Each structure stands twice: as C-alpha cells, then as structure tokens.
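Structural description and commentary
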Amino acid sequence: MAQYSCVSGSVGLITLKNPPVNALSAAVRHGIVDTVKRALSEPKVKSVVICGQNGIFCGGADIREFASDMSGPPLVPMIHAIEAANKPVVAAIEGSALGGGLELALGCHYRIAHSKAKLGLPEVTLGLLPAAGGTQRLPRLIGVPAALNLITTGRHVTAAEALQLGVVDQVTDQNTVDAAVKFALSVAGQSLDARRISTYPCPRPSDLDALFDGVMQKVRQSARGAIAPVACVQAVRAAATLPYTQGMEREKELMATLFTSGQARALQYCFFAQRAVGRWSMPSGARWDTSKPRPVHKAAVIGLGTMGRGIAVALAQTGLSVVAVETQEKQLMEAKQAVSGMLERGAKRRGVAPALDGISYSGNIQAVADADLVIEAVFEDMTLKEKIFQQLSAVCKPGTFLCTNTSALDVDHLASQTRNPELVVGMHFFAPAHVMKLLEVVYGTRSSPQAVATAMQLGKKMGKVSVAVGNCRGFVGNRMLKPYLEQAFFLLEEGATPELVDRALEEFGFAMGVFRVSDLSGLDVGWKVRKGDGLAEPEMATGQSARIRQGRRYSPLGDLLCEQGRYGQKTGQGWYQYDKPGGRVARSDPWLHSFLEEYRARHGLVARRIDQQEVLERCLYVLINEGFHILEDGIAAGPEDIDVIYVFGYGWPRHRGGPMFYASMVGLAKVLERLEHYHQAHPDVPYMQPCNLLRRLVASGSPPIQRWREVIKKLHSQL
Ligand SMILES: CCC[C@H](O)CC(=O)SCCNC(=O)CCNC(=O)[C@H](O)C(C)(C)COP(=O)([O-])OP(=O)([O-])OC[C@H]1O[C@@H](n2cnc3c(N)ncnc32)[C@H](O)[C@@H]1OP(=O)([O-])[O-]
C-alpha cells in the first residue's frame, strides 16, 4: 500500500509500504494511483514527494506476482500519470531504487538520493527488460551508451555514479525525505516542461549503427544463449530510432516475449533459490532460525597454497583478524607476498584501503591457539589432514570451530580425530576462493547446529552464497560431477571428439565445455584421485580389464594422457594443445585425434556418429540423476540447494535455472525415459539407472519443483 500525508504545509508525502523492499505489488500500485490523485487534487498541495518506508525506496515490481495472473493498475500508465502531473513530483531515494522502482523515479520530475543508495535496472538478471518505460526514459536521460551498459548488465550503481551519469539530480548525506521535502518546496510552482523525460529527444550518436552492432555482438557473446540481454539492446535501439510512443510499444512487445519465456522462469527461480538456501535445515531438524551462530572475531587458515591464500584474502576482506599459518618457510614467504598483492589489487578495485594489517603470518601452528575458527586448507591428503586436526584439537582454545576445506574427503572421519567432533564442519571453497561465490558448508553426523550456523554466517560475511549440505564423497557439487565427467570420456571412446562434446555444452550455455575446464584445472588432479581409489593403474591400461574396473565400465583415457605428461594448460597439452605451457587458447590437436583412433582400434571400438543431443542427454541426465540420489539420501535439503551450487560453483547457465530446475523444464517423464533408454544401452554404467526418487516424482504426476520437498519428505518418512 501507499500512505499519504501532507507535510510542511504544502507537500504531499507518499510513502510506499510493502516490507521488506516495498515491491510494487497490486496493493502498492493501487495505493500510488490513489494517493497521487489525491495529492494532485488537493489545492493546498503544491508539490509531491514519493519515498519508501524503512529506508528503502523500492525494489521494483513484485516478482512473486509474475507467476500469477497480474491484477491491479498497470505500471506504465501509473508512471505516465505521475510524469504528466502539473505539480512537481520528487523521488526521495534511500536504500535501493531498482527495476520498476527506478522506473517510477524516472517518471518523477526530480530525483534526490541518499549517498548510500543503490540504483539500477536489474530486470535482465530476471530474464526481463525494464518494461515500465525504463528502456525509453533512461537513454533519453543519460545517453545511449550509458543506458545500454546499465540495462544490459543490470548492475547497481552507487548514488555518486548515478549523479555523475545524470540519473539523479542531488545526493545527500542527510535525511533524504527531509531533503526532498525541502527541495519540493523550492520547486513548487515552477514549469515542468523541461522535467518530463519522455519528451526529451533521445541523443543519437553519429555512429548509431556501428554502436548497436558492436554492443549486440558483445552482448550475444557474453549472454551464452540468454535472450533478455539481446532484447534489452533491441529496446534501447527503439528509443534511439523511434518516437517515444512507438518506442514504448516496442518495449511492450519485447517484454511480452520475455515474460512468458522459460528463461525468465529459470532466472526468477534462481533469484528465490539463492535466498532460500540461507534458510538451511539439517536432517536432525536443526534449522537456520533456531540455531544461533557464535561471533567470530579471529579466524585462522592453515596451509597457504592456492586455496589457503584465497581463503585468507576472503577472510581479511571481511575485516576479521586473520592468522595465516604455513609451516614451510619458503612457501610462507611467497604466500605473504601473494596475499598482500591480492589484497592490494582487491582494495584498489573496490576503492578501499587494503586490509594488510588485519592479517598476521606464522610458521607455527601454535599461532592459531586463540582463534575462534580455524580453516584447514592443506593438500587433499587424508593422512596429512588427520594429523593437523589432531594438532588443532590439542592447540586451540576450548570451543574453537575447526573447519576443513576439502572437496571430497570425509568430514566425519576428520571430526573423529578431535576431542570435540561437534565443532567440526567442512567449508568447501572454490578456486579462486576470494573470487568464487559458492561455499558448500558440510555438516557431519556430529556437527552441532551452532557450528553450521557459524560457518554459514561467516560465509555470508565473506560475500559467499553458502549452501549447507551433508557429508558424502564429493558432497553435492563434485559428487554430481563424477558421472558427468565419466560420460564425457565414454563419448570419446564411442566416437566423439573433445571439440564436439565441448561445443554441445558451450552451446547449452556453459562458459567452457568439460574438456576445456579439465585442461584449465589440470588433468593430474582427477588422475591423483583415481589413483587413490585404485582405478588408475598403469598396467591396466591395455588388455581385458582396461575398460572394466571394480565391476563397472571405466575409461582410462584421462590416465593415458597424464602418463604422457599431458596435464592440460600448465604443460601446454591436454585434451587440446596450447602455444606454450600456461597458454590459454585451446587449439584442436591432431595428435589427440590420432591417439583416440588408435585407442579405439586397440580396444575394438568402432567410432559412430554422435550428435549434440546425445552429448547433452548423456552428460546432463546422469548428473541430474545423481542430483536425485543426493535428494533421496538427504545430502541436500531441496532442489534449490543443488541448483544454487551448480549455478554459482560449476558454471551451469543461470538462464537454465540449475540442473534440477532444468529437469523440471524438460519434463521428469522425459528425463526418466531417456535414462532408461541409455541404461539399457549401457548396462555396465550404474549411474544411468534412474533414481528411485525420480521414478516416484514421475509416478506422482511430476509435480512442480516447488513441491518436490513434499515427495522427498514422504519418501524419507517411509524409509
Ligand atoms: C512491468 C514490470 C516492469 C519492471 O521493470 C519489472 C521489475 O521491476 S522486475 C524487479 C526488478 N527488481 C529487482 O530485480 C530487485 C530484486 N531485489 C534485490 O535485488 C534485493 O532484494 C534488494 C537489493 C532490493 C534488497 O537486498 P537485501 O536487503 O539483501 O534483501 P533480500 O534480497 O534478501 O530480499 C529480502 C526479501 O525480499 C524479497 N524481494 C526482494 N525483491 C523483491 C521483489 N522485487 N519482489 C518480490 N520480492 C522481493 C526477497 O525474495 C526476500 O524475501 P525472503 O522471503 O526473505 O527470502
């Protein structure tokens, strides 16, 4: 709703009231229409201020309404009526003015923002475009290039940048509503002819075609199949080439195609899923709202390799006091330099002072004795980790939380090495740890809810999207990755090339296909794990048992490449070739193609034509199938947790919503049918066997993803 009052004798004050972000729900739109009418009709009112309650102007259209039949007054005529008003209307922007919220402000005649406010048109991130006149007014106000930048990226700008761009007229450090009221008094009675943005001519850059062609090319490239950024460019082009009314028509048309698209549904699902994972729960019944985190003032990191350095930077950037420990002296000196450099570069980018003093270095594990929380980040070696946890348990003050940064190892086993296993959790960071947004917080069977709550809160402080997951080999992300990688190898055996597989995945929307990623992260990483599992034995590379190991189909292709010293980018050769060790541009490698041919001949395999659809179905459906197993096992509380992990940590295209959402869009019955088909064709691949939960969901009529939890709960209660 919107509340109306008359202040300072002649200013009509309209306050949007719809916690928590004053989204423009039907009730708020009704409220605005009514209160604007009232303000304009009251003779004593000479000017109007629109603001939002609780320090936030407006978070835009109510996204939750998009899924239902929209009712209530539409935004476009409502904003037009404000712009056409014969009394000055001033927007008082505190907190955020985003999407429809900023469009509402652009319909006002003046905009005053608090210095801490953020403004933007983030509709593109929801698969939409600013369809309440944003694509037509913003370029008229700030020019085409700046408007294109804001609208196609959806980025939020600070009040200072908004002032510089001309989005707002004034920035204040004082009470924004008071400043706006004062301003409204000062402009009462003045002509508004020059204040209605829709009447401005849109500045036309001389090289208009070249400008739009260039932007469109860039946008298409980075969009990776997302349609909204392209529609945003088309809408701004309409502003630059058509009269306002026709431009608005074009905006409406483009929005209509986006609004009902699967991509918009996927992106809006992601928006809510990202927030839903914060409301974590554990199978024990412990939950986010009943578990209190303990404050962390001092944190420690053990092991300053690539991961440890990134974690130390991420911790220091939160303002915590950090102790960084590395027992090898040379490594410690190098790490110190590297961490300082990373902190300095990060601070420069964010325009703040580097937190160099917040971090101290030591070669002795005793230095962590008074830390509230320790993150161990040494090599992925259980014996080494065991030793460190035993030491930490002896050295740390009572109550210190002990966290392990592992990507797959058993958190329960590490907890068993300590005196207080309830204080142990996993914190699985993704490289580079100070950049990547995802954090898997892994609870073991004995982890206390307080330990989980503390790790989740620390993750949030570090700017991470933290997801609480149960303890199993590979947790959620890497556990699902295993069958996906395995399928990619099998496809090569059957006739595909790395180029074909990667192209299919990249056209699907992944930034990089599986083989390019593998080259980037190093083939030796997986090799080491397979060796540890007793799978990658050199003497098995030929002969009968070469392609069956531990009773199931196995492809030694990755091991064979590693045996040749082809570790990927770092050695200049892997699934592709590079111009030099460390080179980044992947080129097709004729050697690899002959190697594959020889391999197939050696194993009596006949190459067949494999199309992109088979690549996608086999790679993605086995990954999804493992996701269902994870839900069935209670390792993830709901499909949102899995999807957020894949979108933020594994390059899954956001406009496809995450693997479980994607499965729901494809249709669960179809996924099941294809898995059954492939399992029949490949009975030696257990991952292909459809999960019981998937069968259950299909049998119960494939409910929408929001209702899967009910089916999972029922399944668990029957077990
Ligand atoms: C014709 C139409 C044209 C128009 O151009 C289309 C649009 O405007 S499209 C819209 C364009 N606008 C955007 O894309 C802005 C989207 N919003 C944001 O970016 C952030 O929420 C904001 C920066 C505002 C606050 O950040 P923060 O302080 O960290 O807080 P938080 O993020 O944790 O959210 C708190 C709660 O509010 C909920 N909620 C939030 N916004 C909306 C909404 N618009 N609606 C409904 N709900 C919304 C959110 O789900 C959460 O609920 P819960 O149940 O507690 O999980």
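Keep in mind that what you see is a predicted model, and the values were worked out from it rather than measured.

**A short note on the overall build of the protein**
Per the secondary structure count, the protein includes 28 helices and 19 strands. What you see for the protein is a C-alpha radius of gyration of 28 Å, in line with the 27 Å of a compact globule of 719 residues. With the C-alpha coordinates aligned to their principal axes, the bounding extent of the protein is approximately 90 × 60 × 55 Å. Here the protein holds 719 residues, and 55% of them are scored as buried.

**Quick word on the pairing of strand S6 (residues 110–114)**
In the case of a regular strand, side chains alternate between the two sheet surfaces. With 5 of 5 residues buried, S6 lies mostly within the body of the structure. Across 4 bridges, strand S4 (residues 89–93) lies against S6 in parallel orientation. From the neighbouring strand, Ile93 faces S6, where its bridge partner is Ala113. Bridge count between S6 and strand S9 (residues 170–172): 3 bridges; the pairing is parallel. Residue His114 lies in a different strand from S9, and its bridge partner there is Thr172.

**Thoughts on the pairing of strand S12 (residues 359–362)**
Both strand S11 (residues 321–325) and S12 contribute to a ladder of 4 bridges, which runs parallel. Along S12, the bridge assignment pairs Val325 with Ser362. The handedness of the S11 to S12 crossover, carried by helix H13 (residues 329–350), is right-handed.

**Quick notes on the site of the ligand**
The immediate surroundings of the ligand are formed by 24 residues, with Ala61, Gly100, Glu103, Glu123 and Arg275 found nearest. At 2.9 Å from a nitrogen atom of the ligand is found a main-chain nitrogen or oxygen belonging to Gly59. The separation between an oxygen atom of the ligand and a polar side-chain atom of Arg64 is 3.3 Å. When the ligand is considered free in solution it has 1000 Å² of accessible area, and contact with the protein chains removes 73% of it. Looking at the shell around the ligand, the elements that each hand over two or more residues are strand S5 (96–98), helix H3 (100–107) and helix H11 (262–276). Among the elements that line the shell around the ligand, the one with the most residues is H11, at 3 residues. Partitioning the shell around the ligand into residue classes produces 13 nonpolar, 5 polar and 6 charged.

**A closer look at unusual backbone geometry**
Omega for the peptide link from Pro19 to Pro20 comes to 5 degrees, which places this bond in the cis form. Tracing the sequence through the fold places Pro20 in the loop between strand S2 (11–16) and helix H1 (26–41). Of note, the amide linkage connecting Ala431 to Pro432 takes the cis form, showing an omega dihedral of -10 degrees. With respect to the helices, strands and loops of the structure, Pro432 is situated in the loop between strand S15 (424–429) and strand S16 (438–443). The phi torsion at Phe475 lies on the positive side, around 55 degrees, for a residue other than glycine. Looking at where Phe475 falls in the secondary structure, it is placed in the loop between strand S17 (465–470) and helix H17 (477–494). Looking at Phe475, the relative accessible area reads 0%, which means it is buried. Of note in the backbone geometry, Gln550 takes a positive phi value of approximately 50 degrees without being a glycine. Along the chain, Gln550 turns up in the loop between strand S18 (548–549) and strand S19 (552–553). On the basis of relative accessible area, Gln550 is assigned to the exposed category, the value being 58%.

**Looking at the confidence of the model for the protein**
Across the protein, pLDDT averages 95, with 99% of residues at or above 70. Here the predicted complex scores 0.95 on pTM and 0.99 on ipTM.

**Some details on the UniProt feature "domain: 3-hydroxyacyl-CoA dehydrogenase NAD binding" (unreviewed entry) in the protein**
Feature annotation in UniProt assigns "domain: 3-hydroxyacyl-CoA dehydrogenase NAD binding" (unreviewed entry) to the following positions: residues 298–471. The span residues 298–471 shows a helical share of 37% and a strand share of 23%, and its end C-alpha atoms are spaced 26 Å apart.

**Considerations on the side chain of Arg111**
Tracing the backbone through its elements, the reader meets Arg111 in strand S6. A distance of 2.9 Å separates the side chain of Arg111 from the backbone oxygen of Ala105, its partner in a polar contact. A polar atom in the side chain of Arg111 sits 3.0 Å from the backbone oxygen of Cys108. Residues contacting Arg111, with those up to four places away along its chain left out, are Ala91, Ile93, Ala105, Leu106, Leu141, Val167, Val168, Asp169, Gln170, Arg195 and Ile197.

**Some thoughts on the UniProt feature "domain: 3-hydroxyacyl-CoA dehydrogenase C-terminal" (unreviewed entry) in the protein**
When the UniProt feature table is mapped to this numbering, "domain: 3-hydroxyacyl-CoA dehydrogenase C-terminal" (unreviewed entry) covers residues 474–578 and 615–702. For residues 615–702, the helix share is 67%, the strand share is 0%, and the end-to-end C-alpha distance is 25 Å.

**Examining the sheet that holds strand S8 (residues 157–158)**
Ordered by their spatial adjacency, 3 strands build an open sheet running S5-S7-S8, and the pairing between neighbours is mixed. Strands with a single pairing partner mark the edges of an open sheet, and in this sheet they are S5 and S8. The strands that H3 touches are S5 and strand S7 (118–120); relative to S5, the one it contacts most, it runs at about 90 degrees.

**Topic: the domain arrangement of the protein**
Much of the literature gives interface size as the accessible area that the parts lose upon coming together. Domain boundaries assigned for the protein yield domain 1 (2–259), domain 2 (298–475) and domain 3 (496–602). Spacing between the C-alpha centres of domain 1 and domain 3 amounts to 51 Å.

**Remarks on the pattern of salt bridges**
Here the structure, examined in full by the defined rule, presents 34 salt bridges. Of the charged contacts in the structure, one is a salt bridge between Lys298 and Asp370, with a shortest N-O distance of 3.2 Å. Here the residue Lys298 occupies a position in strand S10 (residues 298–302), and Asp370 occupies one in the loop between S12 and strand S13 (373–376), the gap between them amounting to 72 residues. By relative accessible area, Lys298 is classed as partly exposed at 21%. Salt bridges sharing common partners tie together Glu493, Glu494, Arg547, Arg553, Arg608, Glu614 and Arg618.

**So, the environment of His593**
Structurally, the position occupied by His593 is in helix H22 (residues 590–602). Sequence-wise, His593 and Leu492 are 101 residues apart; in three dimensions their C-alpha atoms are separated by 9.9 Å. Among all residues touching His593, those that are not within four sequence positions of it are Thr497, Glu499 and Ser588. Side-chain polar atoms of His593 contact the side chain of Glu499, separated by 3.2 Å.

**Focus: helix H20 (residues 523–532)**
Taken as a whole, H20 has its buried residues at Leu523, Trp527 and Arg530. Along the long axis of H20, the arc covered by the buried residues comes to 65 degrees, so they all point the same way. Away from its buried face, by an angle of more than 90 degrees, H20 presents the exposed residues Lys528 and Gly532. Each element contacted by the buried residues of H20 is listed here: H17, helix H19 (514–521) and helix H21 (557–563). Immediately beyond the C-terminal end of H20, within one or two residues, lies Gly534, with a positive phi of roughly 75 degrees.

**Focus on the environment of Ser448**
Tracing the sequence through the fold places Ser448 in the loop between S16 and helix H16 (449–461). Assessed through its relative accessible area of 16%, Ser448 is described here as buried. Distance from Ser448 to Glu422, taken between C-alpha atoms, is 4.8 Å for residues 26 residues apart in sequence.

**Overview of the sheet that holds S17**
Within the open sheet, the 8 strands sit side by side as S12-S11-S10-S13-S14-S15-S16-S17. Their pairing is mixed. Each edge of the open sheet is held by one strand with a lone partner, namely S12 and S17. Taken over all neighbouring pairs, the strand axes of this sheet differ in orientation by 25 degrees on average, direction set aside. In the sheet, strand S14 (residues 401–404) pairs with S15 via 3 bridges, with the strands oriented parallel. What sits directly across from Thr404, in S15, is Gly426. Here H13 sits on the sheet and contacts S11 and S12; the angle it forms with S12, its principal contact strand, is near 170 degrees.

Analysis parameters
- Residues numbered from 1 in each chain as written.
- Predicted model: local features only at pLDDT ≥ 70, side-chain atom pairs only at ≥ 80, totals over all residues.
- Heavy atoms only, no water.
- Helix = DSSP H or I, 4+ residues; strand = E, 2+ residues; numbered from the N terminus.
- Rg over C-alpha atoms; globule rule 2.2 N^0.38 Å.
- Buried < 20%, exposed > 50% of the residue type's maximum accessible area, 1.4 Å probe, protein only.
- Pairing = 2+ DSSP bridges.
- Right-handed = clockwise from strand over helix to strand, strands pointing away.
- Near = heavy atom within 4 Å.
- Polar contact = N/O pair within 3.5 Å; in protein donor to acceptor, adjacent residues only side chain to side chain.
- Areas by Shrake-Rupley, 256 points an atom, 1.4 Å probe, with all protein chains shown as cover.
- Nonpolar A, V, L, I, M, F, W, Y, C, P; charged D, E, K, R; others polar.
- pLDDT = per-residue confidence, 0-100.
- UniProt positions renumbered as here; feature names shortened; annotations may be inferred.
- Contact = heavy atoms within 4.5 Å.
- Axes fitted to C-alpha atoms, helices over the stretch in contact; angles between N-to-C directions.
- Domains from an automatic or database assignment.
- Salt bridge = Lys/Arg side-chain N within 4 Å of Asp/Glu carboxyl O.
- Arc of directions from axis to C-beta.

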